[in-house]
Amino acid sequence: MPKPISVRVTTMDAELEFTIQPSTTGKQLFDQVVKTIGLREIWFFALQYTDSKGYTTWLKLNKKVLSQDVKKETPLQFKFRAKFYPEDVSEEIIQDITLKLFYLQVKNSILSDEIYCPPETSVLLASYAVQAKFGDYSPETYPPGCLANERLLPQRVMDQHKLSREQWEERITNWWAEHKGMVREDAMMEYLKIAQDLEMYGVNYFEIKNKKGTELWLGVDALGLNIYEKEDKLSPKVGFPWSEIRNISFNDKRFSIKPSNKKGPDFVFIAPRLRINKRILSLCMGNHELHMRRRKPDSIEIQQMKAQAKEEKAARQQEREKLKKEIELREAAEKKQQEYAERLQRMQQEMEERQKELMEAQETIKKLEDQLREVQRVKEELEKRQNELEELMSKYEKMKNMEHEEKVKLEEEIRLKHEEVMKMQEEVEKKDRETLRLQQEVETAKRIQEEATAAIIAASTTPQHLNLREDDHEENDELPTGEVGADLEDGDIDPLPEEERETAVSKKKDLQERLKILSKDLAAAKDDSKLSKNDILHQENVRQGRDRYKTLREIRKGNTKRRVDQFENM
């Protein structure tokens, strides 16, 4: 009985182990993988492996696994990866698992610099990545340093700027905080909507030469074929949309692409190896097929998948709204509880202050009472002196006829008594004024005492609503052996929407402005000596106002012959 073979398939977030038979085909293994992970949008994906010569290639579905040039090791190693990319992720990706796989693969390509991403856009994408992983930002839950162990930015970007990890984290967190309420799937989708506008997104590059022998790059992607100069993978110079191509074939190293306009010249280039030619042909056929499929009515299967996804999304949205409402009610209740607790604390503090004021008022009253008693004593003494004066006056009247000496003596005594009385009267008047002031202070002290008493009573009373209730709140992936060409499907299709597209950033003026501000901020910390070739090319594109779609419109201008001639003269 044939011995089973162990196979390990690595997806972007898991390792899967399978056992296959020597007779197992690529399609049977592929079907096992997609069934295991629950994927239905299988047309984007394929199994990738490293062959015996060290080249990365795709597993053919129509051939046995063991009959292909898979590196012999135990277990056999495969990667489950996207081979074809959507034209517009928001329009084409249906399943959450598809979204997740694309997101993880694209994010890894950006972080490893396989897809060039400018520094300011890297920061924006990183903010969506942390929203997708951690959810809403909260300074209490995610204090400074919480992202220290996260891989969020391309190493190139960090090396080019004199910023610490803390400073990078601050810039990422500023944007992260603005994504509050965005669910994981939406954050991943926003990431991809921005990433798909990057010049190198979804492009497979192949080394080619024109008839003159000039070394160039051929870029194959969802929108067509583009030609790049050897030193510039960002800005293609000549472009051919899929709608212009009716046949692709190769003979040894010579590749021919026939235009839909039969009067137009063939687009011919030289590729270095037969193995690479087959891969180019396979990618062209797959991308062209998807290009045509997008421009036709959805199949019954796609309609069903979209309807199911719409229902599931609506159900999740309803559940999220319910959960959001519950959270808002709970937060409102907690906030109210906190307000009452703070109010009670303030009232307790006020009560302590009033008690202190009351004690001070009582001390003041005690002092005032002592002063009032002293005033009363002085008044009684004054009355006594006045009585004595009156007696003397009376005596004086009786003794008018006394002798002169006694009279003088008596007059002097009367004068002294009069001065003493006047002095005491002044003192009494002063005491009267002091008494009036003291009486006013007593009235004020009594009022403060009354207020303090009322505050003590109020503070000792529990607010009516302090204790709130919580609830108030078949696909041929590769060509059969020997086939070296293919006629591509032709037919009436809609105009090319990609030529009218705008980048996701250009649609949002506020985001565009913020990216410009961040770019200037980062420029101040940039070490120009560490700029890569792609950084310099990107800066020139920005200076000239170019983006992916503006460049696409430019390189497709003119008829096919004009562009073929342009390619030949490169």
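Summarised in this report is the structure supplied together with it.

What counts, and where the lines are drawn
- Residues numbered from 1 in each chain as written.
- Predicted model: local features only at pLDDT ≥ 70, side-chain atom pairs only at ≥ 80, totals over all residues.
- Heavy atoms only, no water.
- Pairing = 2+ DSSP bridges.
- Helix = DSSP H or I, 4+ residues; strand = E, 2+ residues; numbered from the N terminus.
- Axes fitted to C-alpha atoms, helices over the stretch in contact; angles between N-to-C directions.
- Contact = heavy atoms within 4.5 Å.
- Salt bridge = Lys/Arg side-chain N within 4 Å of Asp/Glu carboxyl O.
- Buried < 20%, exposed > 50% of the residue type's maximum accessible area, 1.4 Å probe, protein only.
- 1 Å grid on protein atoms, 1.4 Å probe; cavity = no way out; pocket = protein on both sides within 12 Å on 5 of 7 lines; lining within 4 Å.
- Points joined across faces, edges and corners; volume = space filled by probe spheres on them.
- Nonpolar A, V, L, I, M, F, W, Y, C, P; charged D, E, K, R; others polar.

### Focus: the sheet that holds strand β5 (residues 76–82)
Reading across from one edge, β2-β1-β5-β3-β4 is the order of the 5 strands in this open sheet, with mixed pairing throughout. Two strands in the sheet have a free side with no partner beyond their single neighbour: β2 (15–20) and β4 (56–58). Strand-to-strand, the axes of this sheet are offset by a mean angle of 35°, without reference to chain direction. With 4 bridges joining them, strand β3 (residues 45–50) and β5 adopt antiparallel strand pairing. Bridge pairing in β5 places Leu47 opposite Phe80. Where helix α1 (residues 26–37) meets the sheet, it contacts β1 (5–10), β2, β3 and β5, and its direction lies at approximately 140° from that of β2.

### Examining the pattern of salt bridges
Side chains bearing opposite charge may pair, as long as their charged atoms lie close to each other. Counted according to the given criterion, the structure contains 33 salt bridges. A salt bridge links Arg8 to Glu15; the nearest nitrogen and oxygen atoms lie 3.8 Å apart. The class of Glu15 is exposed, set by a relative accessible area of 55%. One salt bridge connects Glu374 with Arg377, and the closest N-O pair in it is separated by 2.6 Å.

### Notes on the layout of surface pockets
Of the pockets and cavities examined, the largest pocket occupies roughly 940 Å³. At the level of elements, α4 (119–134), α11 (509–523), α12 (533–543) and α13 (548–555) are the ones that each hand at least two residues to the lining of the largest pocket. Per-element accounting of the lining of the largest pocket gives the leading share, 7 residues, to α11. Tallied by class, residues from the lining of the largest pocket come to 10 nonpolar, 8 polar and 14 charged. Size it by volume and the second largest pocket reaches roughly 810 Å³. Lining the second largest pocket are 30 residues, with Gln48, Gln105, Ser109, Glu114 and Arg279 positioned closest to its centre. Counting residues per element, the ones that place at least two in the lining of the second largest pocket are β3, β4, β5, α3 (96–111) and β6 (204–209). If you tally residues by element for the lining of the second largest pocket, the top one is β5, at 5 residues.

### Examining the environment of Asn277
By the secondary structure assignment, Asn277 is in helix α8 (residues 274–294). Looking at Asn277, the relative accessible area reads 0%, which means it is buried. Remark: the alpha-carbon pair of Asn277 and Phe206, spanning 71 residues in sequence, is separated by 9.3 Å. Setting aside residues up to four positions removed in sequence, Asn277 forms contacts with Phe250, Asp252, Lys253, Phe255 and Ala271.

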